[in-house]
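Analysis of the macromolecular model
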Amino acid sequence: VMLQWKYITANSCSPPGYSEYFSNKPFLPSSYWTPGLSECIPPYPNSGQRSSVWPEIFFNCAEVKILPSAPVVPTPHGRSYPANKSEFVRVNQVGYL
């Protein structure tokens, strides 16, 4: 399966609604966003070109393989792990857990 994504930053301008979202959440540190940036104006170019009203946009893709999961045993904290240690080790060695 080919997984493609587009990531829009808020480094050069704030996407619509961004300022309102953070302004209404005073418990979030101001380091989470940059107040005072101009608002980004959609539509954004798909070329990745940027300006003071177009954000930085990153594109990427990866080919992924979705494998069936190992049998899991529920834990008291709501997390699940493979049913046996050998399956846990195999899964972690190939990086799918």
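The preceding data block contains the structure.
Residues numbered from 1 in each chain as written. Predicted model: local features only at pLDDT ≥ 70, side-chain atom pairs only at ≥ 80, totals over all residues. Heavy atoms only, no water.

With that settled, the discussion passes to the overall build of the chain. Helix and strand content of the chain: two helices and four strands. Looking at the 97 residues of the chain, the share that counts as buried comes to 19%. With an accessible surface of roughly 7,600 Å², the chain has 58% of that area assigned to carbon and sulfur atoms. (Helix = DSSP H or I, 4+ residues; strand = E, 2+ residues; numbered from the N terminus. Buried < 20%, exposed > 50% of the residue type's maximum accessible area, 1.4 Å probe, protein only. Areas by Shrake-Rupley, 256 points an atom, 1.4 Å probe, with all protein chains shown as cover.)

Our next topic: a nonpolar patch on the surface. Side chains of Val1, Leu3, Trp5, Tyr7, Phe58, Val64 and Ile66 sit close together on the surface and give an oily, nonpolar patch of about 750 Å² of accessible area. Topologically, Trp5 is positioned in strand β1 (residues 2-8). (Patch = residues over 30% accessible without salt bridge, like charges linked within 9 Å, V, L, I, M, F, W, Y side chains within 5 Å. Salt bridge = Lys/Arg side-chain N within 4 Å of Asp/Glu carboxyl O.)

Once that is clear, we can look at the packing of aromatic side chains. Centre-to-centre distance and the angle between the planes together describe a pair of aromatic rings. Using the criterion set out here, one finds four aromatic pairs in the structure. Clustering of aromatic rings is evident, with ring pairs tying together Tyr18, Tyr21, Phe22 and Trp33. (Phe/Tyr/Trp six-rings, centres within 6.5 Å; stacked < 30°, edge-to-face > 60°.)

Time to look at the side chain of Glu56. Looking at the element boundaries, Glu56 is found in the loop between α1 (18-23) and β2 (57-63). Taking the relative accessible area as the measure of exposure, Glu56 reaches 17% and is therefore buried. Within polar-contact distance, the side chain of Glu56 engages the side chain of Asn11 at 2.6 Å. Those residues in contact with Glu56, other than ones at most four positions away along the chain, are Tyr7, Ile8, Thr9, Asn11, Ser12 and Arg50. (Polar contact = N/O pair within 3.5 Å; in protein donor to acceptor, adjacent residues only side chain to side chain. Contact = heavy atoms within 4.5 Å.)

The next thing to look at is unusual backbone geometry. For the bond running from Pro42 to Pro43, omega is 0°, close enough to zero to count as cis. Position of Pro43 relative to the elements: it lies in the loop between α1 and β2.

Moving on, we come to the side chain of Thr9. Topologically, Thr9 is positioned in the loop between β1 and α1. Take Thr9: its relative accessible area is 4%, and that puts it in the buried class. Only 3.5 Å separates the side chain of Thr9 from the backbone nitrogen of Asn11, close enough to count as a polar contact. With residues near it in sequence (within four places) discarded, Thr9 still touches Pro15, Pro55, Glu56 and Phe58.

Nothing here speaks to function; it is geometry throughout.
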